[in-house]
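These are the residues of each chain, in order.
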Amino acid sequence: MKIHYISEDNSVLNHFLGQIRNINVQNDSMRFRRNIERIGEIMAYELSKNLSYKNVEIQTPLGIKKTTEISEDLVLCSILRAGLPLHNGFLNYFDHAENSFVSACRHHPNNDDSFEILVEYQALSNLNNKTVLLLDPMLATGQSIVAVHEKLIENATPNEIHIVVVIAAPEGIAHLEKHLPENCHLWVASLDEKLNEKNYIVPGLGDAGDLAYGSKL
Ligand SMILES: O=P(O)(O)OC[C@H]1O[C@H](OP(=O)(O)OP(=O)(O)O)[C@H](O)[C@@H]1O
Ligand SMILES: O=c1cc[nH]c(=O)[nH]1
Ligand SMILES: [Mg+2]
């Protein structure tokens, strides 16, 4: 798995990352969603440099311009709920992509901090021979991404899978490196320190799904 870190230089991306983390700003859920969307737009642009292109000729009112266009068939696949604003950001730029959605949630069968991942809902387009962009803002233990990846390849063979996360913990990256095949790329906007005892990312931002859409029962 090839890993791409995109926020190493100073850029406006750091403003958006700062706002989704900041306890004095992040509770404005409309701003939180829009910031994740804006980060998605920046990540989509960076990722687009890694895709394959074909030569095309564009007819302008005054002549013909030779340029290039993406030649891969893209599918955006987001993990519910927190993946939705990131999905919107990617779709703003890759507006020709197909769309898929999968749910993943932590289930605590023992009523303690141990959990398993339930993947209960999926609405998938045809992924065969496609480039799949798997979108989720948070990579904590990595178990959600690995469980969703298993579902995606159960009945389909994508060419490549680009996993896109905003904030990643080292433990999650190690888990993906152990369990995902060579045709997977990982894109990370910000690498954090570690997980806490509840498997939340530190310093992280808290619960991305709750910040975007409110707390759940
Ligand atoms: O790497 P992991 O340890 O699997 O954790 C990361 C997952 O946790 C969050 O979702 P959550 O379960 O909070 O669902 P939500 O989006 O509905 O809030 C996040 O959006 C990831 O899907
Ligand atoms: O830190 C974390 C870990 C899992 N899910 C989140 O939303 N945040
Ligand atoms: Mg959540």
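Residues numbered from 1 in each chain as written. Chains lettered and ligands numbered in written order. Predicted model: local features only at pLDDT ≥ 70, side-chain atom pairs only at ≥ 80, totals over all residues. Heavy atoms only, no water.

- By the naming in an unreviewed UniProt entry, the chain goes by Uracil phosphoribosyltransferase and is assigned to Flavobacterium cupreum.

## Overview of the site of ligand 1
- Taken together, 15 residues lie near ligand 1, and Arg106, Asp136, Thr141, Gly142 and Ser144 sit nearest.
- At a separation of 2.5 Å, an oxygen atom of ligand 1 approaches a polar side-chain atom of Ser144.
- For ligand 1, an oxygen atom lies 3.5 Å from a polar atom in the side chain of Asp207.
- Among the secondary structure elements, those contributing two or more residues to the shell around ligand 1 are strand E10 (138-139) and helix H4 (143-152). (Near = heavy atom within 4 Å. Polar contact = N/O pair within 3.5 Å; in protein donor to acceptor, adjacent residues only side chain to side chain. Helix = DSSP H or I, 4+ residues; strand = E, 2+ residues; numbered from the N terminus.)

## As for helix H5 (residues 170-179)
- Among the residues of H5, those classed as buried are Gly172, Ile173 and Leu176. For H5, the angular spread of buried residues about the axis comes to 100°, placing them on one side.
- On its buried side, H5 packs onto strand E1 (2-5), E10, H4, strand E11 (160-168) and strand E12 (184-191). (Buried < 20%, exposed > 50% of the residue type's maximum accessible area, 1.4 Å probe, protein only. Arc of directions from axis to C-beta. Contact = heavy atoms within 4.5 Å.)

## A word on the pattern of salt bridges
- The final tally for this structure, using the stated rule, is seven salt bridges.
- Note that Arg34 is salt-bridged to Glu41, the shortest N-O span being 3.4 Å.
- Among the charged side chains, a network of salt bridges with common partners joins Arg34, Glu37 and Glu41. (Salt bridge = Lys/Arg side-chain N within 4 Å of Asp/Glu carboxyl O.)

## Side note on the side chain of Thr131
- With respect to the helices and strands, the residue Thr131 is situated in strand E9 (residues 131-135).
- Look at Thr131 and you get buried, because its relative accessible area is 3%.

## Things to note about the packing of aromatic side chains
- A complete count under the given rule lists one aromatic pair for this structure.
- Look at Phe90 and Phe94: their rings are 6.1 Å apart centre to centre, the planes differ by 45°, and that puts the pair in the tilted class.
- Take Phe94: its relative accessible area is 3%, and that puts it in the buried class.
- Over the aromatic face of Tyr200 sits the side chain of Arg106, whose NZ or CZ is 5.5 Å from the ring centroid. (Phe/Tyr/Trp six-rings, centres within 6.5 Å; stacked < 30°, edge-to-face > 60°. Lys NZ or Arg CZ within 6 Å of the ring centre and 35° of its normal.)

## Topic: the packing of helix H2 (residues 29-48) against helix H3 (residues 83-93)
- Put simply, H2 and H3 touch, their axes get as near as 7 Å, and they point 45° apart. Considering their axes alone, H2 and H3 lie oblique with respect to each other. In the packing of H2 onto H3, the handedness of the crossing is right-handed. Note on element contacts: H3 touches H2 through Pro85, Leu86, Asn88, Gly89, Phe90, Asn92 and Tyr93, opposite Arg33, Ile36, Glu37, Gly40, Glu41, Met43, Ala44, Tyr45 and Leu47.
- A breakdown of the residues in the contact of H2 with H3 according to their chemical character gives nine nonpolar, four polar and three charged. (Axes fitted to C-alpha atoms, helices over the stretch in contact; angles between N-to-C directions. Parallel < 35°, antiparallel > 145°, perpendicular 65-115°, else oblique. Left-handed = near helix turned anticlockwise from the far one by under 90°. Nonpolar A, V, L, I, M, F, W, Y, C, P; charged D, E, K, R; others polar.)

## Let's talk about the nonpolar core
- In terms of nonpolar packing, the biggest core is built from 36 residues, with Met43, Phe90, Phe94 and Val166 touching the most fellow members.
- When residues of this core are traced back to their parent elements, those giving at least two are helix H1 (13-21), H2, strand E4 (74-80), H3, E9, E11, E12 and helix H6 (208-213).
- In terms of residues, this core owes the most to one element, H2, which gives six residues.
- Ignoring sequence-local partners within four residues, the contact set of Phe94 consists of Ala44, Ser48, Leu51, Ile70, Leu74, Leu76 and Leu133. (Core = buried A, V, L, I, M, F, W, Y, C linked by side-chain atoms within 4.5 Å.)

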